[in-house]
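Below are the chains, spelled out letter by letter.
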Amino acid sequence: MLQRPRRRCEGTAMGVIVLDLRPGLGIGPFSLGMPICEAFAQVEQQPNIYDVVHVKYFDEDPLKLDVVISFPDHGFHLRFDPWSQRLRLIEIFDVKRLQMRYATSLIGGPSTPATFVAVYAVFGPTFPGIYDKERGVYTLFYPGLSFAFPIPSQYTDCCHNGEAELPLEFPDGTTPVTCRVCIYDSSTDSKVGVGSLMNKASAPPLPAGSLYMEEVHVKLGEELWFTVGGQHVPFGASPQDVWTELGRPDGIHQKQVDQMVIHSASDPRPKTTLCGDYFYNYFARGFDILFDGQTHKIKKFVLHTNYPGHADFNSYIKCNFVIHATELDGAYHQDMNSSKSSITPGTKWELVKEILGDCGRAAIQTQGSTSNPFGSTFVYGYQNVAFEVMKNGYIATVTLFQSF
């Protein structure tokens, strides 16, 4: 778990913030379906509000559980699908710490408790909810929105056949207070709440023609093929070709001397830390393109998986590459219809070795150990491709080149 440094003294209370609640869409600046990098950008733009941030993920298997951005001071967190890295669920776990504004009404926070009666008054009538007897929780559903209420054991008989009367009041005249609020996409008509119901939330569909998570097919030693726009970008293409096919890059920077040059037959004593080669960075599409500084032709592609636990996390959108390759008679052959020989961002290193064969020992890459809290990675090289692999066995980057 990562935690940003606190900008204020421990124990200093921060005022309750007010965020606009948009059922089925989002809350405040956070919208369902947004990529995780956009959520981080919103956090960075308002550091005085979101000054304590926890980032949680399962380091051993980052595709198994959600990536979570949590705001403990404000009582809510954002759950991102681990594969697409898009926001699938907003969960408010401490309603006393966050005040929500819906239309002209306020609910939540210390001054306006989110009681069952208050929720009913603000959001209006709805169908009877679901009572979870094992958890002792009654969940009330609206389109794209749910409220969970704990029911004391002495009042469980108020819920008949899993349903409760509306509005719910206990015999002593009190009403339950919301313990959890979920905001989720309502296009699938799923009911999302506590426990297993939480898993039903999914990110809304991408709009037609979206380039996010576009499949990028790799022909080793030849080209990249972008499936949405149909562009083909081969090795040897010029900067003008790339601008024409992919548009203006998000960034351009000069390449530093490759630290791996000492393992090559060339002069291992560079006279400067920079060389003439330069990168086009397409951060929003998850890859870099390296041009030769003399010929101005493409010599490398670098594809990024954007896994948490890597030094480049949140620098790139995830590149959804598909490498079709099998090793037959020592040469790579493309097999565009065989998923068994495909390598994607979800392919672990052991399976890569089954597909391509063993390549021997890895080179260790530290990324500058003094500033990198995640430790070293391992680089394995094959003909036309090199894989940077994290300690959990997942691919961090893929570097494509032409072997001569």
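Residues numbered from 1 in each chain as written. Predicted model: local features only at pLDDT ≥ 70, side-chain atom pairs only at ≥ 80, totals over all residues. Heavy atoms only, no water.

Colleague: Lay out the overall build of the protein with the relevant residues and their values.
Modeller: Helix and strand counts for the protein come out as four helices and 31 strands. Within the protein, buried positions represent 46% of all 404 residues. For the protein, long-range pairs separated by at least 24 residues make up 53% of all intrachain contacts whose partners lie at least 6 apart in sequence. Put simply, the protein shows about 19900 Å² of open surface, and 52% of that area lies on carbon and sulfur atoms. (Helix = DSSP H or I, 4+ residues; strand = E, 2+ residues; numbered from the N terminus. Buried < 20%, exposed > 50% of the residue type's maximum accessible area, 1.4 Å probe, protein only. Contact = heavy atoms within 4.5 Å. Areas by Shrake-Rupley, 256 points an atom, 1.4 Å probe, with all protein chains shown as cover.)

Colleague: Explain helix H3 (residues 239-246) residue by residue, including any values.
Modeller: Taken residue by residue, H3 has Pro-239, Val-242 and Leu-246 as its buried positions. The buried residues of H3 occupy an angular sector of 60° when projected down its axis, which confines them to one face. Of the exposed residues in H3, those oriented more than 90 degrees away from the buried face are Gln-240 and Thr-244. Downstream of H3 by a residue or two, Gly-247 has a phi angle that is positive, lying close to 85°. (Arc of directions from axis to C-beta.)

Colleague: Describe the packing of aromatic side chains, and please don't skip the residues or the numbers.
Modeller: Within a pair of aromatic rings, the relevant descriptors are the distance that separates the centres and the angle that separates the planes. Within this structure, the stated rule accounts for 24 aromatic pairs. With a centroid separation of 5.0 Å and an interplanar angle of 50°, the aromatic rings of Tyr-50 and Phe-71 are classed as tilted. Of the two residues, Tyr-50 sits in the loop between helix H1 (36-45) and strand S5 (54-56) while Phe-71 sits in strand S6 (residues 67-71), which places them 21 residues apart along the sequence. Judged by its relative accessible area of 1%, Tyr-50 falls in the buried class. When its relative accessible area of 0% is taken as the criterion, Phe-71 is described as buried. Here the aromatic rings of Phe-283 and Tyr-316 are separated by 5.0 Å at their centres, their planes lie at 55°, and the arrangement is tilted. Of this pair, Phe-283 sits in the loop between strand S21 (274-282) and strand S22 (287-291) while Tyr-316 sits in the loop between strand S23 (298-304) and strand S24 (320-324), placing them 33 residues apart in sequence. Chaining the aromatic ring pairs together yields one cluster made of Phe-30, Tyr-50, Phe-71 and Phe-76. Above the plane of the ring of Trp-83 lies Lys-318, whose end atom (NZ or CZ) is 3.4 Å from the centre. (Phe/Tyr/Trp six-rings, centres within 6.5 Å; stacked < 30°, edge-to-face > 60°. Lys NZ or Arg CZ within 6 Å of the ring centre and 35° of its normal.)

Colleague: Any chance you could break down the sheet that holds strand S9 (residues 98-102) for me, citing the residues and the numbers?
Modeller: If you walk across this open sheet you meet the five strands as S4-S3-S2-S9-S10, and the pairing is mixed. Strand pairing shows two members of the sheet lacking a second neighbour, strand S4 (30-31) and strand S10 (105-108), which therefore form its edges. Here strand S2 (residues 17-22) pairs with strand S3 (residues 26-27) via two bridges, running antiparallel. Among the inter-strand pairings, Leu-21 is bridged to a residue of S3, identified as Ile-27. Lying over the sheet, helix H2 (residues 116-123) contacts S2, S9 and S10, oriented at roughly 150° with respect to S10. (Pairing = 2+ DSSP bridges. Axes fitted to C-alpha atoms, helices over the stretch in contact; angles between N-to-C directions.)

Colleague: Can you tell me about the pairing of S23, naming the residues and giving the values?
Modeller: Of all seven residues in S23, five are buried; the element is thus mostly enclosed. Two elements, S22 and S23, share five bridges in a ladder whose sense is antiparallel. Bridge assignment links Phe-291 to a residue of S23, and that residue is Ile-298. Connecting the antiparallel pair S22 and S23 is a turn made up of six residues, with His-296 showing a positive phi of about 55°. Two elements, S23 and strand S31 (residues 395-401), share five bridges in a ladder whose sense is antiparallel. The residue of S31 that forms the bridge with His-304 is Thr-397.

Colleague: Can you tell me about the confidence of the model for the protein, naming the residues and giving the values?
Modeller: Scored by pLDDT, the protein comes out at a mean of 85, with 82% of its residues at no less than 70. The least confident element of the protein, judged by mean pLDDT, is strand S25 (residues 326-328) at 42; the most confident is S4 at 98. The low-confidence segment residues 1-13 (pLDDT under 50) makes 25 contacts with residues lying over four places distant or belonging to another chain. Low pLDDT (under 50) marks residues 327-337, which in the prediction has 26 contacts with non-local residues, meaning those over four places away or in another chain. (pLDDT = per-residue confidence, 0-100.)

Colleague: Give me the pattern of salt bridges: which residues, what numbers.
Modeller: In this structure the tally under the stated criterion is 12 salt bridges. Arg-101 is the partner of Asp-20 in a salt bridge, and the nearest nitrogen-oxygen pair spans 2.7 Å. Highlighted residues: Asp-20 in strand S2 and Arg-101 in strand S9, separated in sequence by 81 residues. Residue classification places Asp-20 among the partly exposed positions, given a relative accessible area of 37%. By relative accessible area, Arg-101 is classed as partly exposed at 34%. (Salt bridge = Lys/Arg side-chain N within 4 Å of Asp/Glu carboxyl O.)

Colleague: For the nonpolar core, give the residues involved together with the corresponding values.
Modeller: Core analysis: the largest hydrophobic core is formed by 46 residues, its most contacted members being Phe-30, Phe-76 and Leu-78. Per-element tally for this core: the top contributor is H1, with four residues. Among all residues touching Phe-76, those that are not within four sequence positions of it are Leu-19, Phe-30, Tyr-50, Ser-70, Phe-71, Ile-90, Glu-91, Ile-92, Phe-93 and Leu-98. (Core = buried A, V, L, I, M, F, W, Y, C linked by side-chain atoms within 4.5 Å.)

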